Structure formats: structure tokens, C-alpha cells
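Listed below, chain by chain, are the residues.
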Amino acid sequence: AQRVTQPEKLLSVFKGAPVELKCNYSYSGSPELFWYVQYSRQRLQLLLRHISRESIKGFTADLNKGETSFHLKKPFAQEEDSAMYYCALNAGGTSYGKLTFGQGTILTVHP
Amino acid sequence: GAVVSQHPSWVICKSGTSVKIECRSLDFQATTMFWYRQFPKQSLMLMATSNEGSKATYEQGVEKDKFLINHASLTLSTLTVTSAHPEDSSFYICSAPRRAGWNEQFFGPGTRLTVL
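Here the structure is a predicted model, which is why all the values come from computation and not from measurement.

> An account of the sheet that holds strand β1 (residues 4–7) of chain B is needed here, citing residue identities and associated values.
All names here are of chain B. Taking strand neighbours across the sheet as the criterion, the four strands line up as β1-β3-β8-β7 in an open arrangement whose pairing is antiparallel. Looking along the sheet, the strands with just one partner apiece sit at the ends: β1 and β7 (67–73). Strand-to-strand twist across the sheet, computed as the mean angle between neighbouring axes with direction ignored, equals 20°. Sheet topology places β7 next to strand β8 (residues 76–81); five bridges connect them, and they run antiparallel. When the bridges of β8 are listed, Leu68 appears paired with Thr80.

> Would you mind going over the sheet that holds strand β7 (residues 60–61) of chain A in detail, with residue names and values included?
Across a sheet, paired strands are connected by hydrogen bonds in the backbone, their directions being either parallel or antiparallel. Across the sheet, three strands lie side by side as β3-β8-β7 (chain A); this open sheet has antiparallel pairing. One side of each edge strand has no neighbouring strand; the edge strands of this open sheet are β3 (19–21) and β7 of chain A.

> Tell me about the state of the cysteines, residues and numbers included.
Residues and elements named next belong to chain A. Per the counting criterion, the structure on display carries two disulfides over all chains. Across the disulfide from Cys23 sits Cys87; the S-S distance is 2.0 Å. In this structure the cystine formed by Cys23 and Cys87 twists about its S-S bond by roughly -65°; its chirality is therefore left-handed. Residue Cys23 is located in the loop between β3 and β4 (24–26), and its partner Cys87 is located in strand β9 (residues 83–90); the two are separated by 64 residues in the primary sequence.

> Give me the lowdown on the environment of Gln38 of chain B, citing residues and values where you can.
Considering the arrangement of structural elements, one finds Gln38 of chain B in strand β4 (residues 32–38). Sequence separation of Gln38 of chain B and Tyr92 of chain B is 54 residues, and the distance between their C-alpha atoms is 6.3 Å. Ignoring sequence-local partners within four residues, the contact set of Gln38 of chain B consists of Tyr86 of chain A together with Ser43, Leu44, Ser90, Phe91 and Ile93 of chain B. A polar side-chain atom of Gln38 of chain B sits 3.1 Å from the main-chain carbonyl oxygen of Gln42 of chain B.

> I'd like a description of a nonpolar patch on the surface, backed by residues and values.
A contiguous nonpolar patch, built from Trp10, Ile12 and Leu116 of chain B and spanning about 380 Å² of accessible area, is present on the exposed surface. By the secondary structure assignment, Leu116 of chain B is in the segment after β11 (111–115).

> Outline the pairing of strand β5 (residues 32–38) of chain A, listing residues and values.
All names here are of chain A. With seven of seven residues buried, β5 is to be regarded as a mostly interior element. In β5, alternate side chains face the same way, and those of Glu32, Phe34, Tyr36 and Gln38 on one face and Leu33, Trp35 and Val37 on the other are all buried. By the bridge criterion, seven bridges tie β5 to β9 in an arrangement that is antiparallel. Its bridge partner being in β9, Leu33 is matched across the sheet by Leu89. In this structure, β5 lies alongside strand β6 (residues 45–49), joined through four bridges in antiparallel fashion. Directly across from Phe34, in β6, lies its bridge partner Arg49. Once β5 ends, the chain turns through six residues before running back antiparallel as β6, passing Arg41 with a positive phi of about 65°.

Quick notes on the rules
- Residues numbered from 1 in each chain as written.
- Chains lettered and ligands numbered in written order.
- Predicted model: local features only at pLDDT ≥ 70, side-chain atom pairs only at ≥ 80, totals over all residues.
- Heavy atoms only, no water.
- Pairing = 2+ DSSP bridges.
- Helix = DSSP H or I, 4+ residues; strand = E, 2+ residues; numbered from the N terminus.
- Axes fitted to C-alpha atoms, helices over the stretch in contact; angles between N-to-C directions.
- Disulfide = S-S within 2.5 Å.
- Contact = heavy atoms within 4.5 Å.
- Polar contact = N/O pair within 3.5 Å; in protein donor to acceptor, adjacent residues only side chain to side chain.
- Patch = residues over 30% accessible without salt bridge, like charges linked within 9 Å, V, L, I, M, F, W, Y side chains within 5 Å.
- Areas by Shrake-Rupley, 256 points an atom, 1.4 Å probe, with all protein chains shown as cover.
- Salt bridge = Lys/Arg side-chain N within 4 Å of Asp/Glu carboxyl O.
- Buried < 20%, exposed > 50% of the residue type's maximum accessible area, 1.4 Å probe, protein only.

None of the figures reported here should be taken as evidence of function without further support.
What follows is the structure, encoded as C-alpha cells:
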């Protein structure tokens, strides 16, 4: 079975500092990885997916199959980045649409 | 984008009663929807896959007779928590893909269930 681990429950940085939210996964196949974000009092929304290889709101994430990681990075954090971030995995094949979530990381960006 | 709504946003019920939660795709059709459960300060856990016109498929450990799912139309899935008990109190969230077969999910705002 697949598993997603986000080792940090809380992460605090100052505005303008780089930020990295860690995500590791365990799965023997070829998964699809996502980052979802939940701002205060809002629903979960997609931030990034690894197959898109794009930068959203200054965030990037690279899938490292050797290290089974999908860390989320931003070079200069902004206060509006404060939110809960979830890393999620889809196992592919017949399990399309099903997501396995990590425990989430609360990011706080201080002014 | 695609919008998914849930109703009600919160509900309080007495132990032993049943509660129905609706999940609607507002601007697209969804042959498949997913139901998640989130305990306080914990992650989302997939409960079941709701399939339009056929039976739902449940994840291991989820009681299908406790959590009844009906996907009667291409825009509506319902989750009924039957004979609710305090341990069923949780945040229930649904999701749907914009197109069938897509992994990217659009999430509803969630429903807070409190069983007294």
C-alpha cells in the first residue's frame, strides 16, 4: 500500500525567506504526486501536480524517484502563503482519482 | 475551474439518528465522486468511491452499511451516516474530477458532523 509522509506538522519562516515543505512517499509503482493547499476557512485546492512541471504562485516541486520525494519549494515566502499544505499521491492504474494524503504541514510566514 | 458544493456545511444530530450529506458538481458532470473523512488535526482519509448508476466501492475498514452512498445523477452523490454515534463525528469532504479518468480532484468545502 502507498504511504505519504510529511515530517513537519508546523513550519515557520519570515517573509522573504526560502521555504521547503518536505514530502516523502512509499509506493512501488509509478505514482502521480500532487500538492494541495488549504487557506484559512477555504476548501482544499490544487497547487501543483508533478506531471505539469510548472510553477504556481512561485512554488515548484520536483519528483525525485530515487529519493521518493516531492518537496515543495519557494525561494521567497510571502505572508499570503500561510496555509495548510498537503502532499497527495495517486497510485495510478485502476485507482484513478483516489488520493492518499500526507498529514499536512501548517506553514506560517511571519512579517 | 470546477465547483463542488456540499450541503449542509454543518449538522448536529442525536445518537442513533441518520444524517444525509449531499455533494454536487455545479458546473460539470461527475460520473465518479470520492468521499473523505478528516479527524481534527489529522489528514484526509479516503472512505469510498461513488459511482454514478452503480454501487459505491469502499476502502478497507469502512463499513458500507454505516456509510451509505448513492450517486443517482451525474451531479449528485449523497453520503448517509446511518445510526450515527459520537465516534462518527468528523469532517466529511467530497471531491470530483473535472473529467472522468482524471486524477486531479476538485474538493467540496466539507461538512462538519457532530453526533451528541
